[in-house]
Amino acid sequence: MKELIEDLSILTVEQRQETPKITGVRSSGKPKKLYIESYGCQMNFSDSEIVASILQKEGFDTTSEITEADVVFLNTCSIREKAEQTVRNRLMHINGLKKHKPELMVGVLGCMAERLKAKFLEEEKIVDLVAGPDAYRDLPQLLAQVEEGDKAVNTFLSREETYADISPIRLNSNGVTAFISIMRGCDNMCSFCVVPFTRGRERSRDPKSIVAEAKDLFEKGYREITLLGQNVDSFKWSPDENNKARLEKTEVREVITFSQLLEKVANIHPDLRIRFSTSHPKDITDDVLHTMARYDNICKYIHLPVQSGNSNVLERMNRGYSREWYLEKINRIREILGIECGISSDMIAGFCGETEEEHQETVSLMDHVKYDFAYMFMYSERPGTLAEKKFKDDVPDAVKQRRLEKIIQKQNQHSLERYQRDIGKTYKVLIEGYSKRSDNFLQGRNSANKVIIFPKENKTKGQYVNVKVETCSKATLLGKII
Ligand code: SAH
Ligand code: SF4
Ligand code: F3S
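Residues numbered from 1 in each chain as written. Chains lettered and ligands numbered in written order. Predicted model: local features only at pLDDT ≥ 70, side-chain atom pairs only at ≥ 80, totals over all residues. Heavy atoms only, no water.

A few points about the overall build of the protein chain
Consideration 1: Along its length, the protein chain carries 15 helices and 22 strands.
Consideration 2: Buried positions account for 57% of the 482 residues belonging to the protein chain.
Consideration 3: Within the protein chain, contacts between residues separated by at least 24 positions form 72% of all contacts whose residues are at least 6 apart in sequence.
Consideration 4: On the protein chain, roughly 20600 Å² of surface is accessible, and the fraction owed to carbon and sulfur atoms is 50%.
Consideration 5: A distance of 3 Å separates the average location of the 73 positive side-chain charges in the protein chain from that of its 73 negative side-chain charges. (Helix = DSSP H or I, 4+ residues; strand = E, 2+ residues; numbered from the N terminus. Buried < 20%, exposed > 50% of the residue type's maximum accessible area, 1.4 Å probe, protein only. Contact = heavy atoms within 4.5 Å. Areas by Shrake-Rupley, 256 points an atom, 1.4 Å probe, with all protein chains shown as cover. Lys, Arg positive; Asp, Glu negative; His and termini not counted. Charge placed at Lys NZ, Arg CZ, Asp CG, Glu CD.)

See the structure below:
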């Protein structure tokens, strides 16, 4: 039963949390081969592209064949216990490979590396190298250490590192959509969450480097970028704050907020679509919503994780907003951006002390909002978090499962409703490539982030087309070009 429910949640989490992504081949004839598997959120996928770039300068090509690799990196996630278990199982498998190829170097990167630090080397004997999310510039030196027969660890967390000057090597790219990290870390301390411990303090990246990266992508043919951060609404950059330059006293201090950054990126070209993730209900402003309304090329879709529909639970979670505040934000979105704007959420079932009534409030909030889709999880206690210190993980597994099942069922119903209401409408779609099932069909997304599949005619990826929706399933729209 547990597996079944975890599977259901995997279906709903799409590729985001549990399924690893393996790098595509980027061969330029370099002698050494790097194989990276990424787990967890988009930030990790994006970081793997930075790692590939750093190691390319050291003579590494990436490979999608683990058996060809000289170096294997797992870029790991700690968000739930299951995410860590997946990595441990994977390491056991890699151990088998290493028996046949003793010179293979195995490294653990990302959040689990940061959380466990050197303990990893003791717990998992096959690991040679451990590097936290802010230590990737040190990878060449750490690998050199391993080559000399030592184990290597760097889990130093920085207050400044944003890798702003590193051009990521796009891995697994469709050549149309790409992610750009605009900030790192998180200062929010939601009580259930391990991220502030694994990613360190929040810091914003220099907007000039963000705009330059977006322009470069556009020139290379990309047509959609997603700006990434754990809480994009708290993006804030000034030369002063980030110690990037010393200002003369007379100079006006330039502080750039998220809505200003959005505007700068949207102004690059009307054919470049902009998305962003994740918005935080306590910080999203009307300014951001108005900016979205003003620009056709800023997609009308907001991922606004609620976590729970009950104010007491939200307080225990230390989320910084109540049910009423959240619903007011939903009202603002509907007023400024209308009913068409896509809204999605994350929800946790069975957080510490959650009563049946509190759980029912999550269900009733869902009925009120009617999300287009949602990522839903059972609460998993994480070592070192505020919740672990302050509260008992006292909701029995069977109850967590039942509540998760309930919210998944509710969400499926709402997704279907929200997709059905699109039948008969025409949307501008950016073509991302062939549909998974057939090369006679293309797929893309509308502004609200819904996937649409349609017969290809003479169109190809990277183009915009108008598609009239004819039918739908709970996760896809089907239509034809008009
Ligand atoms: N920064 C984002 C969330 C990043 S983590 C935000 O604030 O919304 C992605 C999601 O994982 C969270 O939204 C939450 O729903 C889930 N999550 C985080 N910690 C968890 C835990 N300990 N147990 C279960 N789910 C968790
Ligand atoms: Fe975790 Fe909260 Fe930060 Fe999101 S905002 S990463 S849930 S601490
Ligand atoms: Fe996981 Fe770290 Fe992202 S814990 S969800 S990979 S920030």
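After that view, the rundown keeps rolling.
Observations regarding the pattern of salt bridges
Consideration 1: Here the structure, examined in full by the defined rule, presents 40 salt bridges.
Consideration 2: Notably, a salt bridge pairs Asp-128 with Lys-98, separated by 2.7 Å at the nearest N-O pair. Separated by 30 residues along the polypeptide, Asp-128 in the loop between helix H5 (119-123) and strand S6 (129-131) and Lys-98 in helix H3 (residues 81-100) bring together distant segments of the chain. Pair check on accessibility: Asp-128 and Lys-98 agree, each one buried.
Consideration 3: Bridged by salt links that share partners, the residues Asp-47, Asp-134, Arg-184, Arg-199 and Arg-203 form one connected network. (Salt bridge = Lys/Arg side-chain N within 4 Å of Asp/Glu carboxyl O.)

Concerning the site of ligand 1
Consideration 1: Not every one of the 16 residues close to ligand 1 is listed here, only the nearest: Phe-192, Gln-230, Gln-307, Asp-346 and Ser-380.
Consideration 2: Measuring from a nitrogen atom of ligand 1, one finds a side-chain N or O atom of Gln-230 at 2.8 Å.
Consideration 3: Isolated, ligand 1 exposes 540 Å² of accessible area, and the fraction of that covered by the protein chains is 94%.
Consideration 4: Looking at the shell around ligand 1, the elements that each hand over two or more residues are strand S16 (342-349) and strand S17 (373-378).
Consideration 5: Its residues placed into classes, the shell around ligand 1 shows 7 nonpolar, 4 polar and 5 charged.
Consideration 6: Three or more residues apiece are contributed to the shell around ligand 1 by two domains, here domain 1 (2-154) and domain 2 (177-420). (Near = heavy atom within 4 Å. Polar contact = N/O pair within 3.5 Å; in protein donor to acceptor, adjacent residues only side chain to side chain. Nonpolar A, V, L, I, M, F, W, Y, C, P; charged D, E, K, R; others polar. Domains from an automatic or database assignment.)

Observations regarding the site of ligand 2
Consideration 1: Residues in contact with ligand 2, as listed here, are Cys-186, Asn-188, Met-189, Cys-190, Phe-192, Cys-193, Val-195, Pro-196, Gln-230, His-280 and Arg-319.
Consideration 2: Split by residue class, the shell around ligand 2 holds 7 nonpolar, 3 polar and 1 charged.

Considerations on unusual backbone geometry
Consideration 1: Cis geometry marks the peptide bond from Ser-277 to Thr-278, where omega comes out at 10°.
Consideration 2: Backbone geometry at Gln-307 places phi at a positive 70°, although glycine is not the residue there.
Consideration 3: Examined against the element boundaries, Gln-307 turns out to sit in the loop between strand S15 (301-303) and helix H11 (311-316).
Consideration 4: For Gln-307, a relative accessible area of 7% corresponds to the buried category.
Consideration 5: Backbone geometry at Asn-449 places phi at a positive 75°, although glycine is not the residue there.
Consideration 6: Mapped onto the secondary structure, Asn-449 falls in the loop between strand S19 (441-445) and strand S20 (451-455).
Consideration 7: When its relative accessible area of 11% is taken as the criterion, Asn-449 is described as buried.

What to know about the sheet that holds strand S22 (residues 477-481)
Consideration 1: Overall, mixed pairing links the 5 strands, which are arranged S18-S19-S20-S22-S21 in a closed barrel. When strand polarity is set aside, the average angle formed by the axes of neighbouring strands in this sheet is 50°.
Consideration 2: Where S20 lies against S22, 2 bridges are found, and the strand directions are parallel. Following the sheet pairing, Ile-453 is matched in S22 by Leu-478. (Pairing = 2+ DSSP bridges. Axes fitted to C-alpha atoms, helices over the stretch in contact; angles between N-to-C directions.)

Some remarks on the environment of Phe-351
Consideration 1: Along the chain, Phe-351 falls in the loop between S16 and helix H13 (356-369).
Consideration 2: The exposure class assigned to Phe-351 is buried, which follows from its relative accessible area of 0%.
Consideration 3: Sequence separation between Phe-351 and Lys-390 is 39 residues, and the spatial gap between their C-alpha atoms is 12 Å.
Consideration 4: Residue contacts for Phe-351: discarding those within four places in its chain leaves Ser-191, Phe-192, Val-313, Arg-316, Met-317, Tyr-379, Ala-387, Phe-391 and Val-395.

Describing the side chain of Ser-181
Consideration 1: With respect to the secondary-structure elements, Ser-181 resides in strand S8 (residues 177-181).
Consideration 2: In this structure Ser-181 comes out as buried when scored by relative accessible area, which is 8%.
Consideration 3: Beyond its immediate chain neighbours, meaning those up to four positions away, Ser-181 contacts Ser-46, Arg-205 and Leu-228.

So, the packing of helix H9 (residues 258-266) against helix H10 (residues 286-294)
For any two helices packed against each other, one specifies the crossing angle of their axes together with the interaxial distance.
Consideration 1: Where H9 meets H10, the axes come as close as 8 Å, and the angle between the chain directions of the two elements is 15°. With respect to H10, the element H9 is oriented roughly parallel. For the pair H9 and H10, the sense of crossing is right-handed. Across the interface between the two elements, Phe-258, Ser-259, Leu-262 and Glu-263 of H9 pack against Asp-287, Val-288, Thr-291 and Arg-294 of H10.
Consideration 2: Residue composition of the contact of H9 with H10, by class: 3 nonpolar, 2 polar and 3 charged. (Parallel < 35°, antiparallel > 145°, perpendicular 65-115°, else oblique. Left-handed = near helix turned anticlockwise from the far one by under 90°.)

Digging into the nonpolar core
Within soluble globular proteins, side chains that are nonpolar tend to cluster in buried spots.
Consideration 1: With 69 residues, the main nonpolar core has Leu-227, Phe-258 and Val-265 as its most contacted residues.
Consideration 2: The dominant element in this core, judged by the number of residues it contributes, is helix H12 (residues 323-337), at 6 residues.
Consideration 3: Residues in contact with Leu-227, not counting those within four places in the same chain, are Ile-180, Ile-182, Ile-210, Val-232, Phe-258, Leu-261, Leu-262, Val-265, Ile-274, Arg-275, Phe-276 and Ser-277. (Core = buried A, V, L, I, M, F, W, Y, C linked by side-chain atoms within 4.5 Å.)

Some remarks on helix H6 (residues 139-147)
Consideration 1: What H6 keeps buried is the set Leu-139, Leu-142, Leu-143 and Val-146. Here the buried residues of H6 occupy an arc of 100° about the axis, which is enough to place them on one side.
Consideration 2: Its buried side turned inward, H6 meets helix H2 (42-56), strand S3 (60-62), strand S4 (71-76), strand S5 (105-109), S6 and strand S7 (152-154).
Consideration 3: Of the residues trailing H6, Gly-149 is marked for its positive phi of about 100°. (Arc of directions from axis to C-beta.)

A few points about the sheet that holds strand S11 (residues 224-228)
Consideration 1: If you walk across this open sheet you meet the 3 strands as S8-S11-S14, and the pairing is parallel. Only two strands of the sheet have a single partner each, and these edge strands are S8 and strand S14 (273-277). Each neighbouring strand pair of the sheet contributes to a mean axis angle of 25°, computed without reference to strand direction.
Consideration 2: Note that S8 and S11 share 5 bridges and pair parallel. Each bridged residue has a counterpart across the sheet, and for Ile-180 the counterpart in S11 is Leu-227.

Limitation: the analysis is restricted to geometry and does not speak to function.
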